[in-house]
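# Residue-level structure breakdown
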Amino acid sequence: MGVEARGRGDPGQTVRGLARVGIYVPGGTAAYPSSVLMNAIPAKVAGVGEIIMVTPPTDNMSREVLAAARIAGVDKVIAVGGVQAIAALAYGAGMIPQVDKIVGPGNAFVAAAKKLAFGTVDIDMIAGPSEVLVIADHTANPTWVAADLLSQAEHDKLASAVLLTDSMAQAQAISCEMERQARALPRWDIIRESVQNYGCAIVFANLQDACRMADIVAPEHLEVVTEKPRELLPYLHNAGAIFLGQYAPEPLGDYMAGPCHVLPTSGTARFFSPLSTDTFLKKTSIIEYTRDALQGYAQDIIALAESEHLDAHANSVAVRFAEDK
């Protein structure tokens, strides 16, 4: 029996932007103005009341980072980084007010601090090192795939770049091309260590098996560079972002495609979603019933409460209709 048959009830929901959010912007081996935009713009769209940005102090703080903060509408930028920045945002410290949520990537110490702060404040996700997984078949351009793999390996010595393919010849060609290109890149030392420790190529009997492996890995970035990439999409369930085809390289998602580039890493794409406007919203249930509507459900509520031996719960409803007996 529906609500209309028992009397009018009017449940609903309010959706509001958070009052204050903290954005962590890394500043170690590189500056990331794009991360400022990808975190702050969705927060502004969601209606967040105040945005506090923290970033590690340097002798020459990136002008691009500061410009991005200005453009995106960040209210305050504070030069503090690391675990202490997360603690200050979580609990408040001097000129740094306590926030409701902390977002943004950082190193392993920052990630651990965010995990510890969760519960005192909300967080977006536990972000690990950057990663890309590429599924490629015989039609993929080895030069292009190699460039895509290197684009993530240059992030960090802990970053991973993995190739899954059904062609041994393609695996060998891409590997050789990666070595050729890497030696000409300024961040060669970082790339070399990243690829040696966290890079690999795996050859499968077919692309469906490669997709099953990709689902187990649940990568941050997943490129599908095959003859018919959309045909593999039904087999792919776990990834932060999926890039289809020869002309959708991962940097397109970093800078221009539209969806946020703050993505789940380290297998957490199995249950985390990319950062978005929803990240900065909170929802409150609104429940309003007329007397007739409540009366229609009174006996059901009382029965459930009594089954849990919560007599005061049952009485809270029964007392409203005692006069009817």
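These lines cover the structure that appears in this document, whether it is placed above or below.

## With respect to the layout of surface pockets
- The volume enclosed by the largest pocket comes to roughly 1,100 Å³.
- Taken together, 46 residues line the largest pocket, and the ones lying closest to its centre are Pro-26, Tyr-32, Pro-105, Ser-130 and His-155.
- For the lining of the largest pocket, the elements supplying multiple residues, two or more each, are α2 (33-46), α5 (108-117), α6 (142-153) and α10 (250-255).
- With 5 residues, the single largest contributor to the lining of the largest pocket is α5.
- Counted by class, the lining of the largest pocket contains 22 nonpolar, 17 polar and 7 charged residues.
- Roughly 310 Å³ of internal volume is contained in the second largest pocket.
- Residue lining of the second largest pocket: 19 residues in total, with Leu-150, Ser-175, Met-178, Glu-179 and Val-195 positioned closest to the centre.
- Mapped by element, the contributors of at least two residues to the lining of the second largest pocket are α6, β8 (160-165), α7 (168-182), α8 (188-198) and β9 (199-203).
- Top element by residues in the lining of the second largest pocket is α7. It accounts for 6 residues.
- Among the residues making up the lining of the second largest pocket, the classes are represented as 13 nonpolar, 3 polar and 3 charged.

## A closer look at the environment of Thr-284
- With respect to the helices and strands, Thr-284 occurs in strand β12 (residues 281-286).
- Considering only alpha carbons, one finds Thr-284 and Gln-13, 271 residues apart in sequence, at a separation of 5.5 Å.
- With residues near it in sequence (within four places) discarded, Thr-284 still touches Gly-12, Gln-13, Thr-14 and Arg-16.

## Overview of the nonpolar core
- By size, the foremost hydrophobic cluster in this structure holds 23 residues, and its most contacted members are Val-21, Ile-23, Val-36, Met-53 and Phe-280.
- Contributing elements (two or more residues each) for this core: β2 (20-24), α2, β3 (50-55) and α3 (63-72).
- The dominant element in this core, judged by the number of residues it contributes, is α2, at 5 residues.
- The contacts of Val-21, once residues within four sequence positions are left out, are Val-48, Glu-50, Ile-51, Ile-52, Val-99, Lys-101, Val-103 and Phe-280.

## Structural notes on the sheet that holds strand β7 (residues 131-136)
- Read across the open sheet, the 5 strands follow the order β9-β8-β7-β10-β11; overall the sheet is parallel. Each of the sheet's edge strands pairs with one partner strand only, and the pair in question is β9 and β11 (241-244). Neighbouring strand axes in the sheet, compared pairwise and without regard to direction, differ in orientation by 15° on average.
- Relative to strand β10 (residues 221-225), β7 runs parallel, the two sharing 5 bridges. Across the sheet, Ile-135 pairs through a bridge with Val-224, a residue of β10.

## A closer look at the sheet that holds strand β6 (residues 122-123)
- Read across the open sheet, the 5 strands follow the order β4-β3-β2-β5-β6; overall the sheet is parallel. Of all the strands in the sheet, just β4 (76-79) and β6 have a single pairing partner and so form its edges.
- With 4 bridges joining them, β3 and β4 adopt parallel strand pairing. Residue pairing in the sheet places Met-53 in a bridge with Val-77 of β4.
- The strands touched by α2 within the sheet are β2, β3 and β5 (101-103), with β3 carrying the most contacts at an inclination of about 165°.
- In the packing of helix α4 (residues 82-91) onto the sheet, contacts are made with β2, β3 and β5, and the angle to β2 comes to roughly 175°.

The rules behind the values
- Residues numbered from 1 in each chain as written.
- Predicted model: local features only at pLDDT ≥ 70, side-chain atom pairs only at ≥ 80, totals over all residues.
- Heavy atoms only, no water.
- 1 Å grid on protein atoms, 1.4 Å probe; cavity = no way out; pocket = protein on both sides within 12 Å on 5 of 7 lines; lining within 4 Å.
- Points joined across faces, edges and corners; volume = space filled by probe spheres on them.
- Helix = DSSP H or I, 4+ residues; strand = E, 2+ residues; numbered from the N terminus.
- Nonpolar A, V, L, I, M, F, W, Y, C, P; charged D, E, K, R; others polar.
- Contact = heavy atoms within 4.5 Å.
- Core = buried A, V, L, I, M, F, W, Y, C linked by side-chain atoms within 4.5 Å.
- Buried < 20%, exposed > 50% of the residue type's maximum accessible area, 1.4 Å probe, protein only.
- Pairing = 2+ DSSP bridges.
- Axes fitted to C-alpha atoms, helices over the stretch in contact; angles between N-to-C directions.

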